[in-house]
Amino acid sequence: MTAVIIAVAIAAFFVFAAVWTEKLWFDSTGFSGVFTTQLVAHVVLFVLAALVVGGLIGTNMWVALRLRPRQRTRGSSQVLDRYRDLLENNRVAAVIIPSAVFGVMAGMSMSTQVMPVLAWLNRKPSGIVDPYFGLDTTFYMIDYPVLRLVLSLLMSGLAFGLVAAAAVHFAVGNIVISRERRGVGAPRVARVHLSIVAAVILLVFGLQCLVDRFGLLLQQGSLFTGLQYTDGNARMTAQLVLAVISFIVAALFVVNAFVNRTILPVVGVVLMLVTSLILSMIYPAVVQTFQVRPNEPDRENDYIQAHLTATKQAYGLTDASIEDYAAVTHVAPGQLKEDAAALPGIRLMDPQVVGPAFEQLQQVRGYYSFPDILDIDRYTIDGQETDVVVAARELNEAGIPDPNWNNLHTVYTHGHGFASAYGNRRQGNGEPVWVTRDIPPVGDIEESQSRIYFGEQSTNFAIVGRLEGQSPIELDTPGGAEGGGEQYNEYDGTGGVPMGDLWGRLLFSTRFADLNILLSDRVNAESKVLYDRTPKQRVEKVAPWLTVDQNLYPAVVDGRLVWIVDAYTTSNTYPNSQRVQLSQATSDTQSSALGGQADQPINYIRNSVKAVVDAYDGSVKLYAWDESDPLLQTYSAAFPGTVTPRSEISADLLEHLRYPEDLFKVQRQLLGRYHVSDPRVWYNGTDIWEVPVDPVQGNDGTKEPSYYLSIKWPGDTAPTFSQTAVFVPRSRQNLAAYLAVNADAASADYGKLRILRMSDTQQIDGPGQTQNAITQNQSVAAELLPYQQNRGAASIKYGNLLTLPMGNGLLYVEPIYTERTGNAGAYPALTFVVVRFGEHIGIGSTLQEALDQVFAGDAGADTGELPTTDTGGSTANPTPTPTPTGTVDEAATVTSLQRAQQAFTDADAALRNGDLATYQAKTNEAKQALADALRQMGR
């Protein structure tokens, strides 16, 4: 008994430590109400479910015991006699133990339903009703799941109660199995008791049948998710008939309680089961086979129309506009003149490729790291809004030189700095042109606080804080910073949980199963512990009703480094809307590196919240974004004070908010089928689009990702920051449509979905066909030949294949990078840019050069590229003085050709040595020498 008591006490302390430290975490973030509300709801639901199920079981067992016969005959079964004696001598335990066991099981199950119940208690209407029952859509998203939950709980308690009561009646002799009479006998008291319980069960079953009629709008049918012809004309009637039959049979059981006619309810149950089989299976199958299938397009027409409307409402596709686009394929000089403003926005730095360049050029030390896939944001630089590739320099625990306990938790506590580069510029050697760089950060983006205590890679707990007079011990900047040598920091942010006293150390030592917290001298009265530090964790904990986008990104807002997190309200029970798997809909060549979404079904989604997590103090701010969303309104009422009104978003923050990736990807998948409005076209499947396979990185058939870049829509006067994607017809590779959404949150047209539908009379090649054409082009092959011939020295990496509506057609742009092989410090350098318009392909060391090749020597606009030779600034290439046409300077021509030959020889030598920077410089020198020779020849 002593051992049992000690074990229980230890287990209780572990539970207490986990719960109490959770409370302290919520207190430190300012979201104490979220913790309290959830805890109270968990306890209340557990108690209610336990009382309902346990109470129904216990009450029925107790009634059965009270109705036991005063006199009973012994000897029919010695085992049964002993059980009867045991039951009668331990009546309280016999009732309480099974009731408590089943009650606890029900309570544990029910306590997991906190979010649905809180939503039901605070539900808000959407104002949109379904076309069949005229009920608000929130009835299906909020009320219906709770109704099903309550009825299921009651049914479980009553069913177990009936079985338990029957067992007790049998044990005490109220139910006797007679071999002579070949039947079961029961006195009136047992019959009355069991009949009443059976009647109540049938009443609940009838209610379930009535509620299940609403569920027909949510089930997956043969064509789509939602009500179909057979559902509306067979299954709905069947559920109503079954409900009426169950009520009638329930009445027969009530009659049987007072008139001994057991055969009537028994026959009623049998008939109900047979009727259920006929109505729920045979009858719908007959209707589907003989009425629907021969005339399916006509029978299902109205139901498909309702389904199309509901699906577009649920996924925010109602206002998506489609316009026909007769894309031209011919080229002419000056063709891009009207799109000149958009050319500088063409992004050449691929965030999926240049990560290693950031790592090698800005990592500084091995204990820092950048993500594999970088992000795209916008900053106003020199008065011009510019697309920028951004990343945060976070702490890399795997790179800590000596990963002992003190280093892991008290010294290497944070990352430092925000690195960014122009999206459309490169240095002369192909490296990025930095906007901000180094530690501490310097550049065109001002940062007053750039330390990263809370980030995507902050998965370990950190202990910060020092006593007065003690030296800082947190490594802040490596050697070489101003002042010389390593610099150390003492955390003074508001984040973290105080834990310096003995009680706090004991609690957190228990939580983290780490005895060092109790023993270390570095834990003192001023210590705080930082844990659950990733932005995703923090947002999901303070707002458990939200689904977080898989791609969050860093930004400098009002001088502070923060993480911007898009969050969604989702539902799986929006009436008549098509259900998709969130993980599948958002899957592409980028998602696997980001971790991917949870494998959950949804048929409703809204980007209801924009969350911001401060990288220094970990503070979380939830801003209401889609304030019309009924789920946002509901959960804001359930957790008052957790969501800040949209009007309080600062102007600087608004400039960095963008249209979220996962929402766009879900909409992209749905638009492949739901861009049509005619039910017959939808049914026939003659206009189905698909997301193409990524032609660059989709070796396993994975979909092409969406892209952020600034584009100028045909007919618009200026480019806008957008998220774009393309479609191909099902089982084809030519281009079917071009999709873009205004991704600039500060724009009045934010979130506007627009589609360019390609003409059916002329084929426009899709991404896969374009990639094939590029790799097979002779000019491209000639430029890449030196790298392919010297594979041991360098390799080729293709960047993202961007598609842009320009020049009254579609322009494809693809950066090509080269990277040294067999070198631990290798990174990709932008070496070429390939452009395709129609059947015309150009390749150059700059976008301008490639465009001019395609458009007959003059694209008609300046790309705005400013090649540089270092990270200190930009210098334009000098323009040579032209030689008058018609004169030939033979001596100068020979000299230029000799310079070109020597430069090519030096470039080949550099390539063999793996020196890509020298190779590129010598290649450019050779090209310039050839250009000089042509000019000197008068050409």
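Because the structure is a prediction, the values reported are computed rather than measured.

Here we look at the overall build of the protein
If you tally the helices and strands in the protein, you get 27 helices and 35 strands. In the protein, the share of contacts with a sequence separation of at least 24, taken over all contacts with a separation of at least 6, comes to 69%. As displayed, the protein offers around 40400 Å² of accessible surface, 55% of which is attributable to carbon and sulfur atoms. Within the protein, one finds 69 positive and 93 negative side-chain charges whose respective centroids are separated by 15 Å.

Topic: the sheet that holds strand 9 (residues 418-426)
With antiparallel pairing, five strands are arranged side by side in an open sheet as 5-6-9-10-11. Each edge of the open sheet carries a strand with a single partner, namely strand 5 (375-381) and strand 11 (442-443). Sheet topology places strand 9 next to strand 10 (residues 432-437); three bridges connect them, and they run antiparallel. Bridge pairing in strand 10 places R426 opposite P432.

Focus on the environment of T642
As for its position among the elements, T642 is in the loop between helix 19 (630-638) and strand 25 (643-644). Judged by its relative accessible area of 8%, T642 is buried. Linking T642 and A624, residues 18 residues apart in sequence, is a C-alpha distance of 9.8 Å. Setting aside residues no more than four positions away along its own chain, T642 makes contact with F31, V34 and L622. Here the side chain of T642 touches F639 through a polar contact of 2.8 Å, landing on its backbone oxygen.

With respect to the confidence of the model for the protein
In this model, the protein carries a mean pLDDT of 89, and residues with pLDDT of at least 70 account for 92%. Mean pLDDT across the secondary structure elements of the protein bottoms out at strand 2 (residues 183-185), with 53, and peaks at strand 23 (residues 604-614), with 98. pLDDT under 50 marks residues 868-887. Its contacts with residues more than four places away, or in other chains, come to 28 contacts.

A look at helix 16 (residues 535-542)
The periodicity of an α-helix, 3.6 residues per turn, causes residues three or four places apart in sequence to face the same way. Buried within helix 16 are the following residues: P535, R538, V539, K541 and V542. Looking down the long axis of helix 16, one finds its buried residues gathered within 165° of arc, a one-sided arrangement. In the core, the buried residues of helix 16 are packed alongside helix 1 (2-29), helix 2 (32-66), strand 18 (547-548), strand 20 (560-571), strand 23 and strand 24 (620-624).

So, helix 1
Compared with an ideal rise of 1.5 Å per residue, which puts 28 residues at 40 Å, helix 1 spans 41 Å between its outermost C-alpha atoms and is within 8% of the ideal. For helix 1, every residue scored as buried is listed here: A17, T21, W25, F26 and T29. In the stretch just after helix 1, G30 is the one whose phi turns positive, near 85°.

As for the packing of aromatic side chains
Per the counting criterion, the structure on display carries 35 aromatic pairs. Between the aromatic rings of F13 and W503, the centroid separation amounts to 6.2 Å while the plane-to-plane angle is 65°, which identifies the pairing as edge-to-face. Separated by 490 residues along the polypeptide, F13 in helix 1 and W503 in helix 14 (residues 502-511) bring together distant segments of the chain. Judged by relative accessible area, F13 falls into the partly exposed class, the value being 24%. Note on F26 and F35: the rings are 5.7 Å apart at their centroids and 35° apart in plane angle, and the pair reads as tilted. Across the pair, F35 and F26 agree in class, each one buried. Through successive ring pairs, a cluster of aromatic residues spans F13, F16, W20 and W503. Sitting over the ring of W625, K610 keeps its end group 5.3 Å from the ring centre. In this structure, R673 is placed above the aromatic ring of W682, and the distance from its NZ or CZ to the ring centre is 4.0 Å.

Quick look at the environment of R757
By the secondary structure assignment, R757 is in strand 30 (residues 753-758). Residues R757 and G417 lie 340 residues apart in sequence; the distance between their C-alpha atoms is 44 Å. Apart from the residues within four sequence positions on either side, R757 is in contact with I322, E323, D324, Y325, H675, D687, W689, A736 and A737.

How each quantity is defined
Residues numbered from 1 in each chain as written. Predicted model: local features only at pLDDT ≥ 70, side-chain atom pairs only at ≥ 80, totals over all residues. Heavy atoms only, no water. Helix = DSSP H or I, 4+ residues; strand = E, 2+ residues; numbered from the N terminus. Contact = heavy atoms within 4.5 Å. Areas by Shrake-Rupley, 256 points an atom, 1.4 Å probe, with all protein chains shown as cover. Lys, Arg positive; Asp, Glu negative; His and termini not counted. Charge placed at Lys NZ, Arg CZ, Asp CG, Glu CD. Pairing = 2+ DSSP bridges. Buried < 20%, exposed > 50% of the residue type's maximum accessible area, 1.4 Å probe, protein only. Polar contact = N/O pair within 3.5 Å; in protein donor to acceptor, adjacent residues only side chain to side chain. pLDDT = per-residue confidence, 0-100. Arc of directions from axis to C-beta. Expected span 1.5 Å × (residues − 1). Phe/Tyr/Trp six-rings, centres within 6.5 Å; stacked < 30°, edge-to-face > 60°. Lys NZ or Arg CZ within 6 Å of the ring centre and 35° of its normal.

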